[in-house]
Amino acid sequence: MDIDRLSRLLDLYFDEGLDAETKRELEEMLLASSQARSLFWERAQLNSHLRQQGQEGWGVETDVSADDAVSEDIERAAGAVARDGAASPLNRPLFRWLVSGLAASLMLVMVGQWVLREVRSDLGRFRIASVSSDLARESAEVEGTLVRRRDAWVAVLRKAVAVEWQSPKDAPVVGEPMKAGRIQFDNGLIEIQTNRGALILLKGPADLEIVSDMEVRCQEGRLSVEVPPPAEGFLVHTPLVQVVDRGTAFAMDVKGDEKAEVHVIDGLVELTSTVPDSSMREIREGEAIRISNDGSINDILAAADAFPSRAEINSRTKNEAFEMSQAWRQRRNAIVDDPSCLVYFDFEKSRAVRSRYRDTIVPNHSKSEGAGEHGVIVGCDWTDGRWPGKRALDFKNASDRVLFSVDGKHESLTCITSVRLGSMDRAYSSLLMSGDAIEGELQWQISQKRLDNSMGRLSLCRRVDSQWNSMDHFLSDAIIGPQRLGTWMQLAFVWDGKERICSQYIDGKLVSRDFTRTEVDSSFLSTGRLELGNWTPREGFSVSSPVRNFNGRMDEFVMFDRVFSDQEIQAFHDLKSAYWSGKASNDWGNPENWSAKVLPVRGDDVYVDLPSTEKVVFNSGATEDLNRVILGSGSGRLGAMEISGGKIRAAKNPDRHTRVGVAGGVGEVWQHAGEVNLNSLQIGLDPSSHGLYRLTGGNLLLSRANNSTKCSLDIGPLYGDGTFEISGGELMTRRGVCLGRDEGRGVFSVIGDGASAIEIGAYKDGAGFWKQNAGSILKVRIGENGLRRINIAGESGDGDVDVGFAKGALIDVGFVDKAIAGQWDVMHWNGEIINEGLQFGPDVDTEVWSFEFVDTDESGSFDTLRVIARPQAN
């Protein structure tokens with residue numbers, strides 16, 4: 001027996017979603033397996049109890065007691081699936097025996113209900129209502145999980161600006177309650193408020209664990225903490241010090257177990273070093289101290305302005321909202337001109353509608369021939385959308401809706417909407433509904449999970465024929481929880497009738513993909529008369545159909561009569577990201593090659609993943625100032641690019657860094673000419689990632705550094721594999737070069753003397769360095785005219801090493817063409833070198849080659865790495 005399939009059929013049964021085919025399938029499973037009948041029986045009981053408990057948990061009044069609900073559901077479970085008459089296999093003797101057994105069991109349940117009422121007070125907060133001890137434990141676990149889930153919310157993420165989460169899949173959402181747990185991000189700024197009112201501003205790179213609403217543990221980050229009276233005594237743990245607030249505000253700079261700073265902005269804090277036998281110390285307003293890993297505590301000048309503040313995050317949030325609105329307007333213009341667009345409601349004021357109708361009409365901005373009608377607003381109020389100045393409709397009452405029509409049958413259909421769910425207090429919350437009762441009719445809703453109606457899921461239904469119960473159901477997992485109430489979500493479905501696939505998405509991420517069960521070559525969706533946010537039963541529907549109005553806000557709805565790819569859905573959600581599609585050519589400058597048909601604009605994150613093996617070509621013009629470019633952005637993805645002219649600039653946000661091969665992807669760049677200016681460059685980042693940047697001409701400037709590593713050029717970090725090769729052009733950086741950081745493998749290759757300059761740390765206030773880890777390779781090939789030397793300019797500062805070769809770091813030397821005898825300087829630096837064991841690679845002929853560290857300026861310290869080739873016998 002297929003347990004997963006049985007569970008899905010039972011979900012449909014308790015959602016009243018069985019059609020004739022799935023009903024027969026469930027009947028056959030029940031007749032064939034006692035295990036299936038047992039599971040059916042347990043689900044019937046558990047469904048009734050948890051339905052009422054969930055309603056009470058959401059503050060919904062119930063007219064039916066739990067006892068009566070059990071009776072009602074078990075009676076329905078025993079008889080409803082057999083209502084088709086004598087032809088049904090459930091009217092066979094075997095099923096009549098099953099029904100009789102269920103009826104007898106029902107009598108036992110009623111007796112058990114009476115016994116349960118006598119002992120209910122002993123069951124505490126779990127409120128278990130079951131005669132079976134096994135079922136009681138199951139109910140307790142489910143209800144207990146709900147209680148623990150709600151009680152575990154200890155804080156809320158109030159704001160997040162330009163945050164790059166280390167684990168985007170598990171990242172919190174702005175406005176969403178947060179459980180106790182760990183959050184990590186590389187860049188950006190967030191604001192968290194605990195349930196006791198403590199306000200935490202945290203700037204990345206950061207690693208923070210929320211222990212409770214009165215306690216956090218910070219491993220890394222710059223944070224400011226404002227503590228109101230209800231949170232007095234708020235505790236911050238770090239590896240070196242524990243800080244207890246006794247006043248109003250303080251700030252900290254935490255760098256793991258290396259050092260920590262505490263600055264008191266207002267009031268008083270108590271701190272205790274983690275070094276054994278350390279005494280408690282009080283720090284007052286205007287004072288600051290630094291704790292070192294040797295346990296020493298030193299007074300320093302207070303610098304409150306150096307830490308994140310409310311003014312900073314408010315300003316950055318406002319700027320980000322403005323940029324989002326600008327990006328949205330650019331995308332809006334592309335949508336309006338898209339010939340596949342049937343409906344576009346942006347809910348903004350428009351001259352397309354006479355002023356006296358603007359409160360009751362939503363204009364459809366689509367310009368296509370098959371465009372639908374304008375929408376008619378019934379009852380909704382106007383309110384604020386996703387950012388200040390964006391308009392939205394507020395759906396509250398049972399009669400609120402938007403009415404419109406779109407003609408036709410559609411083999412392909414994509415619908416996308418942005419909503420803020422206000423409540424989920426009924427079984428179904430309508431998004432897009434048709435009541436035409438014809439084949440292909442669609443119903444798109446958020447439906448409650450029956451065993452836990454605090455959880456919702458996306459549900460798309462398609463009518464198979466004109467019968468009232470002949471619906472094909474497509475359900476996501478229950479992933480819309482109470483924590484998403486009051487937060488904006490983008491919901492989408494894609495219907496591919498040719499391939500008979502239905503896909504659904506939340507915030508650009510795929511949450512379900514199912515095949516239709518219709519036994520035809522293709523299937524379609526019928527539109528006709530449609531409603532947003534509600535459903536009007538029409539002829540052929542049962543008059544007892546449940547109320548299905550949507551409770552929340554909607555600020556955008558769009559319908560296309562074509563299939564969107566996963567990447568296009570993601571691009572529609574990520575307003576400040578541009579995704580390569582390559583639908584028209586391989587030319588970067590052609591808008592048709594980008595998912596939203598809009599060229600990357602100022603502040604965009606640009607993703608280049610190829611649909612084929614053809615490289616993206618950038619050969620003229622200049623980009624706006626982008627945030628970063630990512631090539632090969634995930635497992636199985638290839639991003640390749642050729643730069644033969646023009647100017648690329650990706651340095652707007654100092655916290656964003658260009659990556660070539662990341663998260664398991666493969667990225668390649670060939671730069672033959674042109675100018676490229678990036679914040680920093682990471683090549684082959686993360687396990688199974690591979691990256692290559694080959695510079696043969698033009699200029700590559702890395703004008704900043706990664707905040708956490710301080711590298712401008714990071715090759716093969718975090719178990720990745722990366723190569724940077726230069727044979728021409730110019731490389732200039734502001735900070736240093738890292739090879740093979742954190743168990744990765746990096747290769748820096750210099751071919752001949754064709755490059756005009758290799759200057760590490762020479763840009764502006766440069767502080768260059770070179771850090772080469774075990775297994776990583778410095779590869780040089782001597783040309784006919786020699787070798788271009790690597791110059792490490794400036795000094796790294798902070799007492800760090802300027803040039804470091806770890807034990808097992810490799811140097812690979814050879815010739816471009818014919819072998820010649822001589823000596824060549826590979827690298828020159830100012831400052832300190834630590835060589836723990838640089839050695840030749842396995843393919844180097846040590847009978848010919850040797851290397852040495854040389855003091856060229858007679859300063860008493862080595863400043864040059866030199867290779868020597870001995871004359872070779874003919």
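Residues numbered from 1 in each chain as written. Predicted model: local features only at pLDDT ≥ 70, side-chain atom pairs only at ≥ 80, totals over all residues. Heavy atoms only, no water.

Quick look at the overall build of the chain now. Summing up its helical and strand segments, the chain has eight helices and 55 strands in all. Looking at the chain residue by residue over its 874 residues, the buried ones come to 55%. Here the contacts in the chain between residues at least 6 apart in sequence split such that 65% fall between residues at least 24 apart. Total accessible area computed for the chain in this model is approximately 37,200 Å², and 46% of it derives from carbon and sulfur atoms. (Helix = DSSP H or I, 4+ residues; strand = E, 2+ residues; numbered from the N terminus. Buried < 20%, exposed > 50% of the residue type's maximum accessible area, 1.4 Å probe, protein only. Contact = heavy atoms within 4.5 Å. Areas by Shrake-Rupley, 256 points an atom, 1.4 Å probe, with all protein chains shown as cover.)

On to the side chain of serine 776, then. Counting through the fold element by element, serine 776 comes out in the loop between β46 (770-772) and β47 (777-782). For serine 776, the contacting residues outside a window of four places in its chain are Leu739, Gly740, Gly744, Arg745, Gly746, Ala809 and Leu810.

Turning to the packing of aromatic side chains, a few remarks are in order. Using the criterion set out here, one finds 26 aromatic pairs in the structure. Between tryptophan 165 and phenylalanine 185, the ring centres sit 5.5 Å apart and the planes meet at 70 degrees, which makes this aromatic pair edge-to-face. Here tryptophan 165 is found in strand β1 (residues 153-165), whereas its partner phenylalanine 185 is found in strand β3 (residues 181-194), with 20 residues between them in sequence. The class of phenylalanine 185 is buried, set by a relative accessible area of 0%. Between tryptophan 824 and tryptophan 849, the aromatic rings sit 6.2 Å apart at their centres with planes inclined by 45 degrees, giving tilted as the arrangement. In this pair, tryptophan 824 is assigned in strand β51 (residues 822-829) and tryptophan 849 in strand β54 (residues 849-854), connecting sequence segments 25 residues apart. (Phe/Tyr/Trp six-rings, centres within 6.5 Å; stacked < 30°, edge-to-face > 60°.)

Between its first and last C-alpha, helix α2 (residues 20-32) extends 18 Å over 13 residues, near the 18 Å set by a 1.5 Å rise per residue. Among the residues making up α2, those that are buried are Thr22, Lys23, Leu26, Glu27, Met29, Leu30 and Leu31. (Expected span 1.5 Å × (residues − 1).)

Turning next to the pairing of strand β55 (residues 864-869). Every other side chain in a regular strand lies on the same face of the sheet, so the side chains alternate between the two faces. With six of its six residues buried, β55 lies for the most part within the structure. Both faces of β55 are covered, namely the face carrying Thr864, Arg866 and Ile868 and the face carrying Leu865, Val867 and Ala869. Across six bridges, the pairing between β51 and β55 is antiparallel. If you follow glycine 822 over to β55, its bridge partner there is alanine 869. Judged from the six bridges that link them, β54 and β55 form a sheet pairing that is antiparallel. Bridge assignment links valine 854 to a residue of β55, and that residue is threonine 864. (Pairing = 2+ DSSP bridges.)

Time to look at the confidence of the model for the chain. Detailed reading of the predicted coordinates is not advisable wherever pLDDT falls low. In this model, the chain carries a mean pLDDT of 85, and residues with pLDDT of at least 70 account for 83%. Contacts of residues 49-151 to residues separated by more than four positions or lying in other chains number 134 contacts, the stretch itself having pLDDT below 50. (pLDDT = per-residue confidence, 0-100.)

So, about the environment of arginine 694. Within the secondary structure layout, arginine 694 lies in strand β38 (residues 690-695). We classify arginine 694 as partly exposed; its relative accessible area is 24%. Separated by 32 residues in sequence, arginine 694 and isoleucine 726 have C-alpha atoms that sit 6.0 Å apart. With residues up to four places along the chain from it excluded, the contact list for arginine 694 reads Val669, Trp670, Gln671 and Glu725.

A separate point is the sheet that holds strand β16 (residues 375-378). Strand order in the open sheet formed by eight strands is β15-β16-β19-β28-β21-β22-β23-β24, with antiparallel pairing between adjacent strands. For this open sheet the edge positions go to β15 (361-362) and β24 (471-475), each flanked by a neighbour on one side alone. As judged from the three bridges shared by β16 and strand β19 (residues 401-410), these two strands associate in the antiparallel manner. Considered in β19, the bridge of valine 376 is made with leucine 403.

Let us look at the nonpolar core. Among the nonpolar cores identified, the biggest contains 67 residues, and Phe724, Leu731, Phe748, Trp770 and Trp849 are the most heavily contacted of them. For phenylalanine 724, the residues in contact, after removing those within four places along its chain, are Ile683, Tyr693, Leu695, Leu700, Leu713, Ile715, Leu731, Val747, Phe748 and Ser749. (Core = buried A, V, L, I, M, F, W, Y, C linked by side-chain atoms within 4.5 Å.)

Tracing the sequence through the fold places glutamate 348 in the loop between β14 (341-345) and β15. Judged by relative accessible area, glutamate 348 falls into the buried class, the value being 11%. Engagement of the side chain of glutamate 348 in a polar contact is seen with the backbone nitrogen of arginine 391, the distance being 2.9 Å. Once residues within four sequence positions are removed from consideration, glutamate 348 is found in contact with Trp328, Arg329, Gly389, Lys390 and Arg391. (Polar contact = N/O pair within 3.5 Å; in protein donor to acceptor, adjacent residues only side chain to side chain.)

Below, the discussion takes up the sheet that holds strand β33 (residues 628-631). Pairing between sheet strands relies on hydrogen bonds along the backbone, with the strands arranged either parallel or antiparallel. Reading across from one edge, β30-β31-β33-β35-β37-β40-β43-β46-β49-β52 is the order of the ten strands in this open sheet, with parallel pairing throughout. Both edges of this open sheet fall to β30 (577-579) and β52 (833-835), since each of them pairs with a single strand only. Looking at each pair of strands side by side, their axes are set apart by 10 degrees on average, direction ignored. Direction of pairing for strand β49 (residues 803-805) relative to β52: parallel, over a ladder of three bridges. Opposite phenylalanine 805, over in β52, you have asparagine 835 as the bridge partner. (Axes fitted to C-alpha atoms, helices over the stretch in contact; angles between N-to-C directions.)

For the rest of this paragraph, the subject is the state of the cysteines. One pass over the full model with this rule turns up one disulfide. A sulfur-sulfur separation of 2.0 Å characterises the disulfide bridge that pairs cysteine 711 with cysteine 738. Of the two residues, cysteine 711 is situated in strand β40 (residues 711-715) and cysteine 738 in strand β43 (residues 736-739); the sequence distance between them amounts to 27 residues. Each of the two residues, cysteine 711 as well as cysteine 738, counts as buried. (Disulfide = S-S within 2.5 Å.)

Opposite charge on two side chains permits them to pair, given that their charged atoms come into close proximity. Enumeration over the complete set of coordinates arrives at 49 salt bridges. The partner of glutamate 439 in a salt bridge is arginine 462, and the shortest N-O contact between them spans 3.9 Å. On the criterion of sequence distance, the pair formed by glutamate 439 in the loop between β21 (428-434) and β22 (442-449) and arginine 462 in strand β23 (residues 452-463) is long-range, its members being 23 residues apart. A salt bridge links aspartate 812 to arginine 781; the nearest nitrogen and oxygen atoms lie 3.3 Å apart. Of the two residues, aspartate 812 sits in strand β50 (residues 810-815) while arginine 781 sits in strand β47, which places them 31 residues apart along the sequence. In this structure, aspartate 812 and arginine 781 share a single accessibility class: buried. (Salt bridge = Lys/Arg side-chain N within 4 Å of Asp/Glu carboxyl O.)

Sheet topology places strand β36 (residues 666-678) next to β38; six bridges connect them, and they run parallel. Among the inter-strand pairings, tryptophan 670 is bridged to a residue of β38, identified as arginine 694. Pairing of β38 with strand β41 (residues 721-726) involves six bridges; the strand directions are parallel. From the neighbouring strand, histidine 690 faces β41, where its bridge partner is aspartate 721.

All right, on to unusual backbone geometry then. Residue proline 205 follows glycine 204 across a cis peptide bond; omega there is 5 degrees. Among the secondary structure elements, proline 205 is positioned in strand β4 (residues 199-212). Phi is positive for phenylalanine 347, which is not a glycine, with a value near 60 degrees. Its identity is not glycine, yet lysine 764 carries a phi of approximately 50 degrees, on the positive side. Tracing the chain through its elements places lysine 764 in the loop between β45 (755-760) and β46.

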